[in-house]
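So the chains spell out like this:
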Amino acid sequence: MYQILKAERLAEKIFLMDVEAPRVAKTCQPGEFVIVKMDERGERIPLTICDYNRNAGTVTIVFQIVGASTRRMAGLGKGDAFQDFVGPLGQPSEFVKENFDEVKGRKYLFVAGGVGTAPVYPQVKWMREHGIEADVIVGAKTKDLLILEEEMKAVAANLYITTDDGSYGRKGMVTEVIRDLVENQGRQYDICVAIGPMIMMKFVCLLTKELGLPTIVSMNPVMVDGTGMCGACRLSVGGEVKFACVDGPEFDGHLVDFDEAMKRQQIYKTEEGRAMLRLAEGETHHGGCGHCG
Ligand code: NAD
Ligand code: FES
């Protein structure tokens, strides 16, 4: 069992938990995810890692209530435990694997939208720990839905907060801040990392394409079982079939077909839709677990 050492409500329907999981904490990297399961009958929930403490053996997860399972999960508190806490899964962020001198020579812009702020945090923290200054834009619908502001402030070189309704920070969406920084303030970036709702990542990518700014996105939102078996996270990336849980979750955002991914996500929600996708996609429906043929 994996004990919950801390449980905190960050905003409406958004919760943070520190979970005792020493083996995951020992090896996990920014960009990777875990699968949590409350009990024998519980649904498998894939969540991108928000933070980890290798010495304390803890992993921090942040989740939003989106259905029955996450609602049940939000009812857990300090002292409760998960039956399963599997990970780290997926591929770490590109910069973790790349030549460090090249990474150090780049100027990174991180763009976090809503709950997507949680997976952005360990990446910016990694940058800070490795002596690399990174700018961060955090967008939220309204002040009350802004999360991890203090944590992000502590690791970002410059933090720009924007709310859709102007209740805190600037007024407007993250795309407006990107345009302002690059076009009006003359900021130069080599890479943008954008993580948030699919629609945000789509529009960030449309803009950064126009600005000639390479962009990485995290396709965590399309994952369901997180193991390559359900076929939910099938994507077209540069015309190739990829699976977010096996090949990602991070991809070159300029190559991701967001319209197809969002349409597919809707179809996947019903039994009839899943059957249709299985039929249409044949052998490429699944993500390569190798055991379900
Ligand atoms: P939200 O709808 O409140 O949006 C957050 C911010 O994204 C907005 O404030 C705005 O600045 C920006 N945004 C939204 N639509 C935009 C558009 N059309 N153009 C430009 N910018 C736009 O976000 P939320 O409700 O917190 O998001 C929840 C979603 O985030 C869920 O669908 C979840 O799956 C997803 N999520 C994604 C990841 C990931 O790894 N990509 C991680 C956690 C959550
Ligand atoms: Fe099921 Fe990737 S989440 S195949």
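Residues numbered from 1 in each chain as written. Chains lettered and ligands numbered in written order. Predicted model: local features only at pLDDT ≥ 70, side-chain atom pairs only at ≥ 80, totals over all residues. Heavy atoms only, no water.

A. Just the sheet that holds strand β13 (residues 215-218), in detail. Here 7 strands make up an open sheet; going across it, the order is β11-β10-β9-β8-β12-β13-β16 and the pairing mixed. Whereas interior strands pair on both sides, the edge strands pair on one side only; in this sheet they are β11 (170-171) and β16 (250-252). The sheet contact formed by strand β8 (residues 108-113) and strand β12 (residues 191-195) spans 5 bridges and is parallel. Residue pairing for β12: A112 is matched across the bridge by I195. In the packing of helix α5 (residues 117-129) onto the sheet, the strands contacted are β8, β9 (134-140), β12 and β16, and the crossing angle to β8 comes to about 160°. Running over the sheet, helix α7 (residues 174-184) touches β8, β9, β10 (158-163) and β11 and is turned about 150° from β9. (Pairing = 2+ DSSP bridges. Helix = DSSP H or I, 4+ residues; strand = E, 2+ residues; numbered from the N terminus. Contact = heavy atoms within 4.5 Å. Axes fitted to C-alpha atoms, helices over the stretch in contact; angles between N-to-C directions.)

B. Representation of the side chain of S236 in the model. Along the polypeptide, S236 turns up in strand β14 (residues 234-237). With a relative accessible area of 15%, S236 lands in the buried category. Of note is the side chain of S236, whose polar atom sits 2.8 Å from the side chain of E260. With residues near it in sequence (within four places) discarded, S236 still touches L255, V256, D257 and E260. (Buried < 20%, exposed > 50% of the residue type's maximum accessible area, 1.4 Å probe, protein only. Polar contact = N/O pair within 3.5 Å; in protein donor to acceptor, adjacent residues only side chain to side chain.)

C. Molecular detail of the pattern of salt bridges. For the coordinates displayed, the defined rule picks out 17 salt bridges. The closest approach of N and O atoms between D51 and K125, which form a salt bridge, is 2.8 Å. Taken together, the positions of D51 in strand β4 (residues 45-53) and K125 in helix α5 put the pair 74 residues apart, joining distant regions of the chain. This pair shows no difference in class: D51 is buried, exactly as K125 is. The salt bridge partner of D135 is K107, with a shortest N-O separation of 3.8 Å. Of this pair, D135 sits in strand β9 while K107 sits in the loop between α4 (100-104) and β8, and the two are 28 residues apart along the sequence. By sharing partners, the salt bridges in this structure join E98, E102 and R106 into a single network. (Salt bridge = Lys/Arg side-chain N within 4 Å of Asp/Glu carboxyl O.)

D. Just the packing of aromatic side chains, in detail. Enumeration according to the criterion identifies 7 aromatic pairs in this entry. On the numbers, 5.8 Å between centres and 20° between planes, the contact of F15 with F63 is stacked. In this pair, F15 is assigned in strand β2 (residues 14-20) and F63 in strand β5 (residues 58-64), connecting sequence segments 48 residues apart. Of the two residues, F15 and F63, both sit in the buried class. Seen from their ring centres, F95 and W126 are 4.8 Å apart, and the 50° between their planes marks the pair as tilted. One end of the pair, F95, is in helix α3 (residues 94-97); the other, W126, is in helix α5, with 31 residues separating them in the sequence. With a relative accessible area of 3%, F95 lands in the buried category. Under the relative-accessibility criterion, W126 is labelled buried at 8%. Three or more aromatic residues link up through ring pairs in this structure, and these residues are F95, F100, Y108, F110 and W126. Over the ring of Y168 we find K143; its NZ or CZ atom is 5.2 Å from the centre of that ring. (Phe/Tyr/Trp six-rings, centres within 6.5 Å; stacked < 30°, edge-to-face > 60°. Lys NZ or Arg CZ within 6 Å of the ring centre and 35° of its normal.)

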